[in-house]
Amino acid sequence: MGRSIYEDPGSKSCLAVAAEWLDSCLNDHEKCGMQADTEKPLPSRVIDVGDDNTPPKLITTGGKLGIWIALSYCWGGDSVFIHNDSTVADLKAGIPLEKYPRTLRDAITITRALGLKYIWIDALCIKQDSREDWAAEAAKMREVYSGAIVTVSAANSPSTQSGIFSPRKLGLSKVWFDWKSEEKSGKVYLRSGSELWDHSLQTSALQTRGWTLQEGLLAPRTLSFGQQQMMWECPEHQADEGGRITQPTQEYRSKGFIQQMLRVGRQEVAKPEPTLLERLHIRTPKAEEWWKSLAIESPYDRWWEIVEQYMTRFLTKDFDVLPALSGLARAFEPVLKDGYLAGHWRKDFIPSLMWSRTPRYPADNSSRFVPTIPSEYLAPSWSWASIIGNLSAMSTTWKTRDALATSALKVAEIIDVHTVTKGDDPFGQVVSGELKMRGRFFPIKILPPVWSLGNQFPEEPSDLPNLSSFERKVYNEARLVDTDIYERYQNHKSHPDQSYGAFEIIRWKADPGSGLPGSDFLMLESTGKENEYRRIGTVRVRKNPQPDQEAVGPDTYEGLILENKAYEEVENSKVKKKTITIV
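(A) Looking closely at the pairing of strand β21 (residues 577-582). For strand β17 (residues 430-444) and β21, the ladder comprises six bridges, and the chain directions are antiparallel. Looking across to β21, one finds that arginine 438 is bridged to threonine 579. By the bridge criterion, two bridges tie strand β20 (residues 532-542) to β21 in an arrangement that is parallel. Paired with tyrosine 533 across the strands is isoleucine 582, a residue of β21.

(B) Structural view of the sheet that holds strand β5 (residues 68-72). With mixed pairing, eight strands are arranged side by side in an open sheet as β3-β2-β6-β5-β7-β10-β11-β12. In the strand order of this sheet, the two ends are held by β3 (57-60) and β12 (237-240), each with one partner. For this sheet, the mean inter-axis angle between neighbouring strands, taken without regard to orientation, is 25 degrees. Both strand β2 (residues 45-48) and strand β6 (residues 118-120) contribute to a ladder of two bridges, which runs antiparallel. By the bridge assignment, isoleucine 47 is partnered in β6 with isoleucine 119. Across the sheet, helix α3 (residues 102-113) touches β2, β5, β6, β7 (150-153) and β10 (222-225), and the angle it forms with β6 is around 145 degrees.

(C) Representation of the packing of helix α15 (residues 469-480) against helix α16 (residues 482-491). Running from amino to carboxyl end, α15 crosses α16 at an angle of 80 degrees, the nearest separation of the two axes being 6 Å. Taken as axis vectors, α15 and α16 run roughly perpendicular relative to one another. Facing α15, whose interface residues are Glu477, Ala478, Arg479 and Leu480, α16 presents Asp482, Asp484 and Ile485. Here the residues of the contact of α15 with α16 are counted per class, giving three nonpolar, no polar and four charged.

(D) Representation of helix α5 (residues 131-138). Turning to α5, its buried residues are Asp133, Trp134, Glu137 and Ala138. Along the axis of α5, the buried residues cluster in a sector spanning 125 degrees; they form a single face.

(E) Here's a closer look at the environment of glycine 76. Examined against the element boundaries, glycine 76 turns out to sit in the loop between β5 and α2 (88-93). Given the relative accessible area of 51%, glycine 76 is considered exposed. The sequence separation of glycine 76 and serine 293 amounts to 217 residues, and the corresponding C-alpha distance is 40 Å. Sequence-distant contacts of glycine 76, that is, excluding residues within four places in its chain, are made with Pro158 and Ser159.

(F) Inspection of a negative patch on the surface at higher detail. On the surface, Glu20, Asp23, Asp28, Glu30 and Glu236 cluster together into a negatively charged patch. With a relative accessible area of 74%, glutamate 30 lands in the exposed category.

(G) Inspection of the packing of aromatic side chains at higher detail. Applying the stated criterion across every chain, the model contains 24 aromatic pairs. On the basis of an interplanar angle of 50 degrees and a centroid distance of 5.9 Å, the ring pair of phenylalanine 257 and phenylalanine 332 is categorised as tilted. Within this pair, whereas phenylalanine 257 is found in helix α9 (residues 255-270), its partner phenylalanine 332 is found in helix α12 (residues 326-336), the two being separated by 75 residues in sequence. An identical accessibility class is assigned to phenylalanine 257 and phenylalanine 332; each is buried. When the ring of tryptophan 303 is compared with that of tryptophan 345, the centres are 5.5 Å apart and the planes differ by 80 degrees; the resulting orientation is edge-to-face. A residue pair is termed long-range when its members are at least 10 positions apart, and tryptophan 303 in helix α11 (residues 299-310) and tryptophan 345 in strand β14 (residues 344-345) qualify at 42 residues. Owing to a relative accessible area of 0%, tryptophan 303 belongs among the buried residues under this scheme. The exposure class of tryptophan 345 is buried, given its relative accessible area of 0%. Ring-pair connections join several aromatic residues into one group, and the members of that group are Phe257, Trp290, Trp291, Trp303, Phe332, Tyr340, Trp345 and Phe427. It is arginine 302 that lies over the ring of phenylalanine 257; its NZ or CZ is 5.3 Å from the centre. Above the ring of phenylalanine 441, the side-chain terminus of lysine 578 is found at 4.4 Å from the ring centroid.

The rules behind these values
- Residues numbered from 1 in each chain as written.
- Predicted model: local features only at pLDDT ≥ 70, side-chain atom pairs only at ≥ 80, totals over all residues.
- Heavy atoms only, no water.
- Pairing = 2+ DSSP bridges.
- Helix = DSSP H or I, 4+ residues; strand = E, 2+ residues; numbered from the N terminus.
- Axes fitted to C-alpha atoms, helices over the stretch in contact; angles between N-to-C directions.
- Contact = heavy atoms within 4.5 Å.
- Parallel < 35°, antiparallel > 145°, perpendicular 65-115°, else oblique.
- Nonpolar A, V, L, I, M, F, W, Y, C, P; charged D, E, K, R; others polar.
- Buried < 20%, exposed > 50% of the residue type's maximum accessible area, 1.4 Å probe, protein only.
- Arc of directions from axis to C-beta.
- Patch = residues over 30% accessible without salt bridge, like charges linked within 9 Å, V, L, I, M, F, W, Y side chains within 5 Å.
- Areas by Shrake-Rupley, 256 points an atom, 1.4 Å probe, with all protein chains shown as cover.
- Salt bridge = Lys/Arg side-chain N within 4 Å of Asp/Glu carboxyl O.
- Lys, Arg positive; Asp, Glu negative; His and termini not counted.
- Charge placed at Lys NZ, Arg CZ, Asp CG, Glu CD.
- Phe/Tyr/Trp six-rings, centres within 6.5 Å; stacked < 30°, edge-to-face > 60°.
- Lys NZ or Arg CZ within 6 Å of the ring centre and 35° of its normal.

Written out as structure tokens, the structure reads:
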């Protein structure tokens, strides 16, 4: 049986429910025991929330121990109430709570109601006019959110001025039935299905922002305030304010895996030095694949599920694309025991190379695509983080990984791959990266013009040179396939006498999707340096069964016949292997 939802989410009665959830988690949940209310080193700065007689103050902690709440919210473009040179003195002296923006004010009220002293708010605890301080503190995001006793999620607040405590228009349900028992009787009212948490959560403003993904996933506990209800999530329990016990409909959101991974990571750091026998490889400790008890075949699979979700989100500053994921990458690293490469992992590199991000389309259909290009360098062109786009089906990377062992005839050789980060954080912003490979390189004579607002649907020129079947296949995709057009638009940089090519990554006996033989290629353009290229798309060629023209239609028939000819051309080609560098 459910319970009533409070009309005012900021009322003492409503916040008492949140306090009850937290108390129960800390004292009764076995799975949450490792994250109990033990004191930990506080973040570099926190807000001491004070009380009714003492205003909140910014304090520098010096690494002392304490318990804190973290806030996950949307800035919404408000850049006034922040920590910078002109505000730091007032923040440290204490600013009356009523002068705080509503969302931050409500978060402080929640902290006080839960009986806690400190809250971490990024706008106030990171110096916003210092790139150095920002980079140093961004590298600590994993510790901030995973160490917080609970993260308050302002799920229904599009800006700092919106507030967390949005009034609810409830009213009695028009649907009810009589309830009778030996003890009592009365009416039971049915709640509208539109109040189901997962629906409102997935469409909330907070779920569209890039930074908030890792903030929610790293948190051992999340207290979310939505449009209709308050929601609690921890590894052992998920419930809404109305009393409904729930489960996340999106697997990547499950706290069980992330929190177990964080625990394992901490154990790896604290692990003693290997014994002599282990160093001599006479006795190797058996790796514990604990994730399989959670029905996860590989931690890489969960990483790519998270990245796929992350791709759909927006960032105010596009160069935050890797920093906004760095806390999660840092959490995965000790479990994967792998090198991080601008959103990819070294041991899972080949399976993840054939990403293909869908474009962002304007809501008003004013143009074919949103005409946005990165404001500055984001990542090497071989990384999914190099462009601004929508999702790529990264969650199916496991199929390629599994098929490489059984169905791949040839795989390009990786000679070297590395990135250079902007600062000391190996998971943060990158300034360069190179992928050196050896494999079959197919020169391409010509490609269509790069997409622009002035030439959105280019016609094929009448003086197009004679193209081989494979070149024609590549040309058609570069002119007609949105994902390739959009990626090239964002990554293209012209230079005199520019050349193009298709680099074969994998030749399949049976590809993991269709089961057909064929090859996967990266589409490349020259950079002007010898044997150096930039990725501008992908192309796949398969040997299809002989199509029935009447069944598939003339256009599809023509395309399948062309692809089969392209396959035969690639299969029988005597093109030599070439060593190239992709930047």
